[in-house]
Structure formats: structure tokens, C-alpha cells
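# Examination of the molecular architecture
Below are the chains, spelled out letter by letter.
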Amino acid sequence: MPKIHIRSWLHRALDALPHTVQWSYEYLCEHSIAAGVAAFAFFFLAFQWMYLPTTFLVSGDDHFFHFRFAYEMREQGFFTVFQHFSAIYFSKMAQGIYYPYYNFLFYLVIIPFTYITPLYLGIKLYALCAFSLFFASLFLILRSLKVRAAFLWVLAFIALVQTESLWRLLLSRPYVLAPIFLITVVVLLHRRWYGWAAFVSFAYFFWYDATFFFPAVVALAYAIFAELYNAPRAWRGALYALGGVLAAVVVVSLIAPGFFSFLTGVIFSAATTPLRNINIPEGGELYPINILDYVRNNAVLMA
């Protein structure tokens, strides 16, 4: 039997290690997709040990509603399930006046995770994927803007964010990835890719309808600051983003005519509801709320 020289093999491996690391670094520097995949894998592996081994979910209600809703879509049909709310018979949802949610894209994305059993494992895996995708996307956006040490800036952001905020990013809800849509709109406007900015603004509506107008607000803010720096055609980009939002409103109104009733009854009524002490522990998103609470609950997106 030939003798295995473990020590010599280990020496050769250690000698090759610097060259392997250097080659990997150079490859990732030259290939953005590979760098994004590596960043996603890093965040997934780094945070899975914090969340997967635990016996609890970050939230005990929203997760199960969304995933059960997606499961029913899979079993009953995509649009049919939106109309089955007989348990709340006197609500406008059960009467077919409007849908409870218009986050069609979000539910399409989480449907594959409903095949995972037990359910809480599918919920946790989606949460980790969304969490990792959020930071990997942030890294790729900074990289596309030629920001030096983009990955270190993302790590610095994670270090500065409070633990509670990090836990909220593990909620299986559409708002987790919503900021990436908004940042992407700004990057596309900066690059003057106005058509793509309109498309992302359009798609944002179907991902997180509660703040469907945010792409237009972000584009308007960008146009104002760009005007201060004498950037050409800044207002044109804001109009494209606004056009994408309006197009989404028109399309969803054709799909579900009760959307404007949904707006006035759930979202914009928050601006006109008098201040009062109402505590609805479950399903608060389906009821009018005070405008100050609305701003507070979406402070991360607004920032």
C-alpha cells in the first residue's frame, strides 16, 4: 500500500491557498453575478444558524396568514381565493367589493415555499432567502455605482442597524424587499434608464400595495435633488416613475374594480381618521389607522 504523506499534501495545499484566494477575489471583482451569488450565500449561511435552530418565528400571525393564503391560491386558483372570506361576512372583502391584498407578485414568489413541510420551515427558509437577497441586492447596487468596498459598507450597515430591525427583516412579508425596488428606481433614474424605472415602479405596486405610490415619491425626491445639482432631464424620470404607478393602478382596477374602494377604505382613510385610541391586535392592516401610525410603521421605507 502506498504511503500517504499527509504533511507534504498539507504543505502544498497551504502553498496554493493564497493563489486560490487571489484568483477567487479577482474573479468576483470581474463578474457581478458571481459576486451577488457569493454575497447571497454569505448572508444566508451567516444568519441561518441564528434563525433556523430556533423553535419560534419572528411573528406568530402574519407568516401563517400569507403562506396559508398562498397555499390556498395553489389549491383553489390564483384569483378565486381572494373572494373566499365568508368568515367575515359583513366586510367589504366577503361582499366582493375589494380584495384584501393586491400583492400578486409576492404570493407568486412564496407559493414554491408552501410545498415545504412542516410549514414553519418553509416560512423560515423564505425569510432567510428574502433577508439574504435584501443585503446581496444592496451590495450589487452599491457595486454598480462604483462604490469602493461595497461589501464592507453593507456589513457596516448591518452592524449599525438595531437587532430589532434585523429581526423585522426576517418577517415573511412583502415590505422586506420593498426598499430594494425603491433603491433600484433611483439607480435607474440616475442612469437615465427611464423605461426600466417605469417598469420597476409598475411592478412595485404588485409587490407591496400598501405603499404603492412610494416609487413616484422617491422619483420626485430624486428629481428635486438632481435639479439642485443641475442634472439634465431629472423631471422626465419622475414622470416615467409616476406613469408606471398610474399604469399599475389602471391595470389592477381592470382586474379588480374595487381597488379605489380599497384605497379610500383602508389606505388613504388613515389621513382623515381622527386621533383616537384604538388597539386592534390582529389584522390591523385591514382597518383605518391614524396617519401618524402609518408613517411610523413605514418609517424604514420612507427613510
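Cut-off values and rules
- Residues numbered from 1 in each chain as written.
- Predicted model: local features only at pLDDT ≥ 70, side-chain atom pairs only at ≥ 80, totals over all residues.
- Heavy atoms only, no water.
- Helix = DSSP H or I, 4+ residues; strand = E, 2+ residues; numbered from the N terminus.
- Buried < 20%, exposed > 50% of the residue type's maximum accessible area, 1.4 Å probe, protein only.
- Phe/Tyr/Trp six-rings, centres within 6.5 Å; stacked < 30°, edge-to-face > 60°.
- Core = buried A, V, L, I, M, F, W, Y, C linked by side-chain atoms within 4.5 Å.
- Contact = heavy atoms within 4.5 Å.
- Polar contact = N/O pair within 3.5 Å; in protein donor to acceptor, adjacent residues only side chain to side chain.
- Axes fitted to C-alpha atoms, helices over the stretch in contact; angles between N-to-C directions.
- Parallel < 35°, antiparallel > 145°, perpendicular 65-115°, else oblique.
- Left-handed = near helix turned anticlockwise from the far one by under 90°.
- Nonpolar A, V, L, I, M, F, W, Y, C, P; charged D, E, K, R; others polar.
- Patch = residues over 30% accessible without salt bridge, like charges linked within 9 Å, V, L, I, M, F, W, Y side chains within 5 Å.
- Areas by Shrake-Rupley, 256 points an atom, 1.4 Å probe, with all protein chains shown as cover.
- Salt bridge = Lys/Arg side-chain N within 4 Å of Asp/Glu carboxyl O.
- pLDDT = per-residue confidence, 0-100.

## A short note on the overall build of the protein
In terms of regular secondary structure, the protein is built from 14 helices and zero strands. By residue count, 40% of the 303 residues in the protein fall in the buried class.

## Description of the packing of aromatic side chains
Under the defined criterion, the tally for this structure stands at 27 aromatic pairs. Seen from their ring centres, Phe42 and Phe43 are 5.4 Å apart, and the 75° between their planes marks the pair as edge-to-face. Seen in terms of ring centroids, Phe43 and Phe151 are 5.6 Å apart; in terms of plane orientation they differ by 35°. Their pairing is tilted. Placement of Phe43 in helix α2 (residues 32–51) and of Phe151 in helix α6 (residues 150–160) is noted, with a sequence separation of 108 residues between them. Using a relative accessible area of 0% as the deciding quantity, one classes Phe43 as buried. Given a relative accessible area of 24%, Phe151 falls into the partly exposed group. An aromatic cluster is present here, built from Phe42, Phe43, Phe47, Phe131, Phe134, Phe135, Phe139, Phe151 and Phe157 joined pairwise through their rings.

## Quick notes on the nonpolar core
The biggest cluster of nonpolar side chains holds 60 residues, and the ones touching the most others in it are Tyr126, Phe135 and Val154. Broken down by element, this core gets its largest block of residues, 12 residues, from helix α5 (residues 119–144). When near neighbours in sequence (up to four residues on either side) are disregarded, Phe135 contacts Phe43, Val154, Phe157, Ile158, Leu166 and Leu169. One finds Phe104, Phe205, Val249 and Phe259 within the second-largest nonpolar core, a separate group that totals 12 residues.

## Description of the side chain of Ser253
Here Ser253 lies in helix α11 (residues 234–255). According to the relative accessible area criterion, Ser253 is buried, its value standing at 15%. A distance of 2.6 Å separates a polar side-chain atom of Ser253 from the backbone oxygen of Val249.

## What to know about the packing of α2 against α5
Where α2 meets α5, the axes come as close as 8 Å, and the angle between the chain directions of the two elements is 140°. Taken together, the axes of α2 and α5 are oblique relative to one another. Once α2 is placed against α5, the crossing between them reads as right-handed. Residues that form the contact of α2 with α5 fall into these classes: 17 nonpolar, four polar and two charged.

## Structural notes on a nonpolar patch on the surface
Where nonpolar side chains cluster on the molecular surface, the patch consists of Leu220, Ile224, Phe225, Leu228, Tyr229 and Trp235 and spans about 710 Å² of accessible area. In terms of residue count, helix α10 (residues 214–228) provides more of the nonpolar patch than any other element does, four residues in total. Structurally, Tyr229 is set in the loop between α10 and α11.

## Remarks on the confidence of the model for the protein
Detailed conclusions should not be drawn from predicted coordinates in areas where pLDDT is low. Per-residue confidence for the protein gives a mean pLDDT of 75; residues scoring 70 or more make up 65%. A low-confidence stretch, residues 278–283 stays under pLDDT 50, and its non-local contacts, those more than four residues away or across chains, total two contacts.

## Considerations on the environment of Trp153
Position of Trp153 relative to the elements: it lies in helix α6. Spatially, the C-alpha atom of Trp153 lies 9.6 Å from that of Leu138, the residues being 15 residues apart in sequence. Excluding residues that lie within four positions of it along the chain, Trp153 makes contacts with Leu142, Val147 and Arg148.

## A short note on the packing of helix α3 (residues 62–76) against α5
Between α3 and α5, the shortest axis-to-axis distance is 10 Å and the interhelical angle comes to 100°. Taken as axis vectors, α3 and α5 run roughly perpendicular relative to one another. Side by side, α3 and α5 meet where His63, Phe64 and Phe67 of the first sit next to Leu119, Gly122, Ile123 and Tyr126 of the second. Residue classes in the contact of α3 with α5 are distributed as five nonpolar, two polar and no charged.

## Digging into unusual backbone geometry
Cis geometry is adopted by the peptide bond preceding Pro118, which originates at Thr117 and carries an omega value of 0°. Considering the arrangement of structural elements, one finds Pro118 in the loop between α4 (104–110) and α5. Even without glycine at this site, Lys146 takes up a positive phi of about 65°. Its place among the elements puts Lys146 in the loop between α5 and α6. Overall, the relative accessible area of 71% leaves Lys146 in the exposed class. With phi around 65°, Arg192 is a residue other than glycine that occupies positive phi space. With relative accessibility at 41%, the residue Arg192 sits in the partly exposed group.

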